[in-house]
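Overview (structure and organization)
Here is how the chains run, residue by residue.
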Amino acid sequence: MTPAPDPLAHTRADFPLLERTIDGRPIVYLDSASTAPKPRCVIDAIVGMYNRHTANVHRGVHVLSEEATEAFEGARAEVASFLNASPGEIVFTRNSTEGVNLVAHGLGFAPGDEVVLTALEHHSNFLPWRMAARAVPVGLDDDGMPPYDEVERLFSPRTRLLALAQVSNTTGVVAPVEQWIAAAHARGLPVLVDAAQSASHLPIDVRALDCDFLVLSGHKVLGPSGIGVLYGKRERLAQLALYQTGGGMVRHHGDDGFEPHDVPQRFEAGTPNIEGAVGLGAALSYLRGLDMDAVRAHSLALGRRLVEGLQGIPGVRIIAGSAPLERRIGLATFTLEAAGLSQESLARVLCDRYQIIASGGYHCAHILHDRMKLAGTVRVSTHVFNTHAEIDFALAALREIAAW
Amino acid sequence: MASDPYSARCAAALEGALAAVPFYRGWRALDPGPDRPAAERMAALPVLSRADLRAHVPDGFVRSGFSARDGFAAGEIEIVTTSGTTADRASVVWHQPWWDRSLREAARVHPALEAVYRGPHREAVLTSPMCTGNLCHVGELPVAERTLGNLLFLNQELDPARWDAASVRRMADELNGFQPDVIEADPAYLAVLARACIRSDTPLHQPACISLTYEFPSHLHLREIRRAFPGVPVVSSYGSTETGYVFTECEAGLLHQNTATCHVDIQPVRDSRSRGRLGRILVTTLGNPWFELLRFDVGDLARLHGGAPCRCGRTDGLTVEAIEGRARDLTFDTRGMAVTVRQLDDAIAAADGLLAYRIEQSGPRRYAVRYVAEDGAEEALAAALPPLVRDLYGPDAEVTARREPTLAPEQSGKFRLALTTFEWNVEELFA
Ligand SMILES: Cc1ncc(COP(=O)(O)O)c(C=O)c1O
Ligand SMILES: [Zn+2]
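A brief look at the structure comes next. (Residues numbered from 1 in each chain as written. Chains lettered and ligands numbered in written order. Predicted model: local features only at pLDDT ≥ 70, side-chain atom pairs only at ≥ 80, totals over all residues. Heavy atoms only, no water.)

Here's the deal with helix α3 (residues 96–106) of chain A
All names here are of chain A. Of all 11 residues in α3, eight are buried, a share of seventy percent or more. Listing the buried residues of α3 in full gives Ser96, Glu98, Gly99, Val100, Leu102, Val103, Ala104 and Gly106. For α3, the secondary structure elements touched by its buried residues are β4 (90–93), α4 (127–132), β8 (191–194), β9 (213–217), β10 (228–232) and α7 (234–239). Its side-chain oxygen 3.3 Å from the backbone nitrogen of Thr97, Asn95 forms the N-cap of α3. Immediately downstream of α3, the backbone of Gly108 shows phi near 65 degrees, a positive value. (Buried < 20%, exposed > 50% of the residue type's maximum accessible area, 1.4 Å probe, protein only. Helix = DSSP H or I, 4+ residues; strand = E, 2+ residues; numbered from the N terminus. Contact = heavy atoms within 4.5 Å. Polar contact = N/O pair within 3.5 Å; in protein donor to acceptor, adjacent residues only side chain to side chain.)

Following this line, the structure appears as structure tokens:
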């Protein structure tokens, strides 16, 4: 194959985890769709908070509290810039899952209300809707792709919202979010975009998208675990019922009742994950520093290399393998027909023999695996620091295993 | 070298592996040659590690002339991966007929086991649900899905501390319904079941024999098991996914090597670090062309039996006094001598009211015991344990004891009885 440029290869030095070895050999980290390694600037930002600025936010009048509040709100501003939102539209959550739950709970669905989504959605963007309303999924074709175009056929008078992953964590395909948003808005329906995967691979502009809600997880965008983001248009957020009550979310509490703060603070009851938010701010600032257009180009290039390579290996079946290459990020889920190996064992062998860190299992998408009658799959996923050489190494490993 | 059939088979295994198994190509030059005694030839070779298995399974260990590809296609072999952290992980080429043979042959050491395994029999397995190859029994599977031919897999919980009255009842009922001839159990798990059944007056099916394997059997475990299965022979079996069954306890209480499917070397721990015939178990497999292991370091220690031959009359293969636990579970006394899990267990497991324990050594003289106490025994144990620990590790040992509601197993499902929190290199003990 032709040597391909890796314009982001310089970032490798920023990730201490990439120096990790197993059995004396360096790891090849291809599991960022599960969770991503953290660059040193994120680690330093978190440690810096612990070392120098430990204090509660929004509460004290002393210097340390003001420093902590400034860092925390600075992180909110950083998140807002990353999404082209305003800080008042950014709610800190624990993760994407909590963001979806907050909205599903807050919209106050009535029995029989419907949410339209795809059968491919991650459990986190499926079960909360299923709990709060009736989930109406567009189906899946034989290749594992949802017929996105059929969305309007599923609208009914009971439809209340559309929920859609901008990039699926199993197919790695970029969904036509704009088309869904236009269709929904034509009927006055809100749309929640699950950006858990896409935020690491595509520039996101919530104003241009015009989505009503959007969720993401810190740990996948190079930030720490336990912090996530719910973006909502201000008026949409204001309509949501209170999620949790307690300290920090209330302006005044007296004998006759209480008055909650405005959004976003009204949804942040209790002491927030201050260090997590600051780490997330550092992570998004780092990503923006790389230029999200360059990040997208690199992800697409790696995805192309990966999928084209997999297609050449006998016994490989790629989920959504027929989707156009220009709509894929650096992620592929597949099965490899290898004698004597289950898909989960295959992922173990990749780790044990080749030090390749990849996912094996169901990737929180049981419905997809059931429909395609797959007893598990293997998923390889990239981030900014991955190189074409690493993809080639993984492909060579798979070719070797296929030939056993 | 080939003076008797067993030696001849060992020599053939050694020469065959060096000549025709890809992984050992690099070892050939180290072999002093066929005119040297077998033991000397073996000792001249390196030790095979799990890291080697991880890097070279499957093709590295298949005898030339056998194709892994054809073997897979014909269903002769499959790859079994074990999970856990580095020390436990391996990929193994699994050849069922060889495994069955190793089980059968090893069973011949003990009359009660032999009687069971000689013919058709039913076997119940009680261990971590993760431990059985590619099979996973975590969750709520109906009994039919946990029954594979003559095997019943009882447990579905990662930690037996989570068994409630209903799951204990379920397992007892399943045993009573299935009527196994043998229970093959992880002693830690069977001890919990035994105790729960005694306390709740739940009748337990009495098999012809109990085989304890998977991990080190503590006196604590044996005590509970013997109480719930009075008169049932309880036999220690030692083996691993990689090596098949290696040692079996005889009716006289020593363990004999299975000479049909393996050869064993005990590589001694340096005299300056331990006393008395202690070494690590290195297994050479015999008669399995799909997965030829030479001097595979299972990670466990054994103490060779010294002195007169065993009362049972067996003289073939090695006789060991005991399996002493994992090498990575060694702790060190205040003079730096290695203390095995068995030595530790002999020293403290007899304490009244003790249900479980774990020793954590955090420095050359610092030891912390965590323990689970029977109701009412808390205070007595708090007083009794530190002196027992000091007797073992040295009068200058600094000992703390902390009571715990339960002690959880590791990721692999095994209960670690001892560990050090500082890094040390196992290889130093053998240099
Ligand atoms: C598309 C998608 N949505 C939601 C989630 C849930 O993210 P979290 O577990 O961080 O809440 C994931 C995580 O894998 C995901 O890939
Ligand atoms: Zn004997």
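Regarding the sheet that holds strand β19 (residues 398–403) of chain B
Residue and element names in this part refer to chain B. Judged by pairing direction, the sheet is mixed, and its four strands sit side by side in the order β19-β18-β17-β20 without closing on themselves. Since the sheet does not close on itself, it has two edges, and those belong to β19 and β20 (418–420), each with one partner. Across the sheet, the axes of successive neighbouring strands diverge by a mean angle of 20 degrees, strand direction being ignored. Direction of pairing for strand β17 (residues 354–363) relative to β20: parallel, over a ladder of three bridges. Counted as the bridge partner of Ile359 is Ala418 from β20. This element, helix α10 (residues 341–348), spans β17 and β20 of the sheet and lies at about 125 degrees to β17. (Pairing = 2+ DSSP bridges. Axes fitted to C-alpha atoms, helices over the stretch in contact; angles between N-to-C directions.)

Thoughts on the packing of aromatic side chains
Counted under the stated rule, the structure contains 21 aromatic pairs over all chains. Between A:Phe15 and A:Tyr286 the ring centres are 6.1 Å apart and the planes differ by 85 degrees, which places this aromatic pair in the edge-to-face class. Of the two residues, A:Phe15 is situated in the segment before β1 (21–22) and A:Tyr286 in helix α8 (residues 274–290); the sequence distance between them amounts to 271 residues. Residues B:Phe66 and B:Trp290 carry aromatic rings whose centres are separated by 5.3 Å and whose planes lie at 75 degrees to one another, so their mutual orientation is edge-to-face. Within this pair, whereas B:Phe66 is found in the loop between α3 (50–56) and α4 (68–73), its partner B:Trp290 is found in the loop between β12 (278–285) and β13 (296–304), the two being separated by 224 residues in sequence. Residue B:Phe66 is classed as partly exposed on the basis of its relative accessible area of 38%. The ring of A:Phe267 carries the charged tip of A:Arg266 above its face, separated from the ring centre by 5.9 Å. Directly above the ring of B:Phe430 sits B:Arg280, whose terminal nitrogen or CZ lies 3.9 Å from the centroid. (Phe/Tyr/Trp six-rings, centres within 6.5 Å; stacked < 30°, edge-to-face > 60°. Lys NZ or Arg CZ within 6 Å of the ring centre and 35° of its normal.)

Some remarks on the pairing of β10(A)
Residue and element names in this part refer to chain A. Counting buried positions over the five residues of β10 gives five, a clear majority of the element. Taken together, the four bridges between β4 and β10 define a ladder with antiparallel strand orientation. Bridging from a neighbouring strand, Phe92 pairs with Val229 of β10. Sheet analysis places β9 next to β10, joined by five bridges and oriented antiparallel. By the bridge assignment, Leu214 is partnered in β10 with Tyr231.

Here we look at the coordination of the zinc ion (ligand 2)
All names here are of chain B. Protein ligation of the zinc ion (ligand 2) involves Cys250 (SG), His256 (NE2), Cys310 (SG) and Cys312 (SG), the donor distances falling in the range 2.1 to 2.3 Å. Considering all four donor atoms around the zinc ion (ligand 2), angles at the metal cover 96 to 117 degrees and the coordination shape is tetrahedral. A relative accessible area of 1% places His256 in the buried class. According to the relative accessible area criterion, Cys310 is buried, its value standing at 6%. (Donors = N, O, S within 2.8 Å, 3.2 Å for Na, K, Ca; no water. Tetrahedral: all angles 85-135°; square planar, octahedral: opposite > 155°, others 65-115°.)

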